[in-house]
Amino acid sequence: MRPWLSLLAALFAGVAAANAAAAELRLEVDIPRMAVAEYHAPYLAFWLKHDDSGDIVPLGLWYDDQEKWLKDLRLWWRRTGRGQSRPYDGLTGATRRPGTHSVDFSELPALSDLPEGDYQLVVEAAREVGGREVVRLPFQWPATGNKTVRADGEQELGRVQLRLAP
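What comes next concerns the included structure. (Residues numbered from 1 in each chain as written. Predicted model: local features only at pLDDT ≥ 70, side-chain atom pairs only at ≥ 80, totals over all residues. Heavy atoms only, no water.)

**So, the nonpolar core**
Phase 1 of the analysis: Counting residues in each nonpolar core, the largest one holds 31 residues, and the members touching the most others are Leu25, Leu27, Leu121 and Phe139.
Phase 2 of the analysis: Those elements giving two or more residues to this core turn out to be β1 (24-31), β2 (43-50), β3 (56-62), β6 (117-126), β7 (132-141), β8 (147-152) and β9 (159-165).
Phase 3 of the analysis: For Leu25, the contacting residues outside a window of four places in its chain are Leu59, Val103, Asp104, Phe105, Ser106, Leu111, Leu121, Phe139, Trp141, Leu162, Arg163 and Leu164.
Phase 4 of the analysis: Judged by nonpolar contacts, the second largest core, of eleven residues, contains Trp47, Leu61, Trp76 and Ala126. (Core = buried A, V, L, I, M, F, W, Y, C linked by side-chain atoms within 4.5 Å. Buried < 20%, exposed > 50% of the residue type's maximum accessible area, 1.4 Å probe, protein only. Helix = DSSP H or I, 4+ residues; strand = E, 2+ residues; numbered from the N terminus. Contact = heavy atoms within 4.5 Å.)

**Description of the sheet that holds strand β5 (residues 99-104)**
Phase 1 of the analysis: Spatially, β5-β1-β9-β8 is the arrangement adopted by the four strands of the open sheet, whose pairing is antiparallel. Since the sheet does not close on itself, it has two edges, and those belong to β5 and β8, each with one partner. For this sheet, the mean angle separating the axes of adjacent strands, direction not counted, is 15°.
Phase 2 of the analysis: Bridge count for β1 against β5 is six bridges, and the pairing is antiparallel. Bridge pairing links Glu28 to Ser102 in β5. (Pairing = 2+ DSSP bridges. Axes fitted to C-alpha atoms, helices over the stretch in contact; angles between N-to-C directions.)

In structure tokens:
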């Protein structure tokens, strides 16, 4: 291959990667502190749902090694979870203790191919010896400017905030 041709290919690949990485989708989730006798950190699942087609894009999952409890994330399990196996699609990690936690989905390959349209970012939490809660954050993709969408949970989740940028 000619040197200038490989340089040109690398340049186009860099521009394409920069454009794909330019879109930002960050989430902040507040897990409230609870005064209960037996507390277990909640399992959380994150996914996108396209409003028109109903297509699901898995984004992430926070759980410990007890896969048998993943079914408690009922909505996630029915929509996408039972069709997956380890490693689960998206960003996975351990459960989180009470506090505010950030997760950046911007680098996920699924976002670079995401068709434009109206979406919901769905956050589902389930806790052993506890409750279950679902919070939905509506937004448009791709973002046309810096936007923040916020919702408040009632029990298992506190403030959930989505930050979008082009």
